[in-house]
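Take a look at the letters that make up each chain.
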Amino acid sequence: MNEVSYDAWANMYDRTHSYLGDDIPFYLEEALQCGGPILEVGCGTGRVALSLANAGMNVVGIDISEAMISVAKGKLRAKKELKDKVTFLQRDMSAFKLDQKFALIITPFRSFQALLSVAEQRQALESFRKHLVPGGKLIIDAFVPDLEALVNDPSVLSYLSESRDPITNDLLVTWNRSYVDTYNQILDVHHVIDVLSSDGRVSDRFYRDFQMRYIFRYELQYLIELA
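Here's what I pulled together on the structure shown here. (Residues numbered from 1 in each chain as written. Predicted model: local features only at pLDDT ≥ 70, side-chain atom pairs only at ≥ 80, totals over all residues. Heavy atoms only, no water.)

### Structural notes on the sheet that holds strand E1 (residues 38-41)
In space, the five strands of this open sheet follow the order E3-E2-E1-E4-E5, with parallel pairing throughout. Two strands close off the open sheet at either side, each with one partner strand: strand E3 (86-90) and strand E5 (132-140). Strand-to-strand twist of the sheet, defined as the mean angle between neighbouring strand axes without regard to direction, takes the value 20 degrees. Alignment of strand E2 (residues 59-63) against E3, held across five bridges, turns out to be parallel. The partner of Gly-61 across the bridge, within E3, is Phe-88. Its contacts with the sheet place helix H5 (residues 66-77) against E2 and E3, and it is angled at close to 160 degrees to E3. (Pairing = 2+ DSSP bridges. Helix = DSSP H or I, 4+ residues; strand = E, 2+ residues; numbered from the N terminus. Axes fitted to C-alpha atoms, helices over the stretch in contact; angles between N-to-C directions. Contact = heavy atoms within 4.5 Å.)

### Remarks on the nonpolar core
Counting residues in each nonpolar core, the largest one holds 21 residues, and the members touching the most others are Ile-38, Leu-52, Phe-88 and Ile-106. For this core, the secondary structure elements donating two or more residues are helix H3 (24-34), helix H4 (47-54), H5, E3 and strand E4 (102-107). The leading source of residues in this core is H4, at five residues. Beyond its immediate chain neighbours, meaning those up to four positions away, Ile-38 contacts Ala-31, Leu-52, Met-57, Asn-58, Val-59, Val-60, Phe-102, Leu-104 and Ile-106. The next biggest cluster of nonpolar side chains, apart from the first, holds 19 residues, and it includes Val-60, Met-93, Leu-98 and Phe-112. (Core = buried A, V, L, I, M, F, W, Y, C linked by side-chain atoms within 4.5 Å. Buried < 20%, exposed > 50% of the residue type's maximum accessible area, 1.4 Å probe, protein only.)

### Quick look at the environment of Ile-186
Along the chain, Ile-186 falls in strand E8 (residues 186-196). Classification of Ile-186 by relative accessible area gives buried; the value is 7%. Along the backbone, Ile-186 and Gln-211 are 25 residues apart, and their C-alpha atoms lie at a distance of 6.7 Å. Those residues in contact with Ile-186 that sit more than four places away from it in its chain are Leu-116, Tyr-179, Val-180, Asp-181, Gln-211, Met-212, Arg-213 and Tyr-214.

### Topic: the environment of Gly-46
Secondary-structure assignment places Gly-46 in the loop between E1 and H4. We classify Gly-46 as buried; its relative accessible area is 0%. Put simply, Gly-46 and Val-144 are 98 residues apart on the chain and 25 Å apart in space, counted from C-alpha to C-alpha. Among all residues touching Gly-46, those that are not within four sequence positions of it are Ala-72 and Phe-88.

### Remarks on the packing of helix H6 (residues 118-130) against helix H8 (residues 217-226)
Axis separation between H6 and H8 bottoms out at 9 Å; the angle between their running directions is 50 degrees. With respect to H8, the element H6 is oriented oblique. In terms of crossing hand, the pair formed by H6 and H8 is right-handed. Between H6 and H8, the contacting residues are Val-118, Gln-121, Arg-122 and Leu-125 on the first element and Leu-223, Ile-224 and Leu-226 on the second. In terms of residue class, the contact of H6 with H8 is built from five nonpolar, one polar and one charged. (Parallel < 35°, antiparallel > 145°, perpendicular 65-115°, else oblique. Left-handed = near helix turned anticlockwise from the far one by under 90°. Nonpolar A, V, L, I, M, F, W, Y, C, P; charged D, E, K, R; others polar.)

### Here we look at the pattern of salt bridges
Taken as a whole and assessed by the stated rule, the structure comprises eight salt bridges. Between Glu-30 and Lys-137 there is a salt bridge, with its nearest N and O atoms 2.8 Å apart. Here Glu-30 is found in helix H3, whereas its partner Lys-137 is found in strand E5, with 107 residues between them in sequence. Since its relative accessible area comes to 11%, Glu-30 is described here as buried. Note that Asp-84 and Lys-83 form a salt bridge whose closest N and O atoms lie 3.6 Å from each other. We note that Asp-84, like Lys-83, is exposed. (Salt bridge = Lys/Arg side-chain N within 4 Å of Asp/Glu carboxyl O.)

Following this line, the structure appears as structure tokens:
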């Protein structure tokens, strides 16, 4: 995993992902059933961890990106009522040790797929197991690979998503291009983000490049069983 690509994106992440939120009720329901404490792996800027803490859960969030963790801590400082509910730590999900075990470990929004090799994925799963209490639960969010999309022309930018900047209310439209390494199951992803002002003009443009490893359903099942 390359933390540099995530560090460079920390200040833009919440602006381009403000549309996210449909997963919060799911994680909250699971957290309430397990009772906590909860470990969020790949917590980013704290979107899920802070939502769970706001519902009364005790949460530890870890992320490899120092810049992402810094943004999350800034949000926590602004919510003083949650300071005893949440801890944010810079850790590598493929090799971490905490002096605590958890009733629930979650990896929301494809965080697990930032691990680019089977060896890293297995190492991470073994770390997850060591940090679960007996009978604890692990939840991994991963997208199902679209075989048709994997063979699309990588020279073409396609529409991916859009969001409203929570500060300026500008519309941010994200376009996507992916180069596929089918042997290693690696996606080299290139995003172009257009910032549209109220009159529809492109007032600014940002670029982001990162990698992720796509993983098939039974492949993930067998990796979990190996751990």
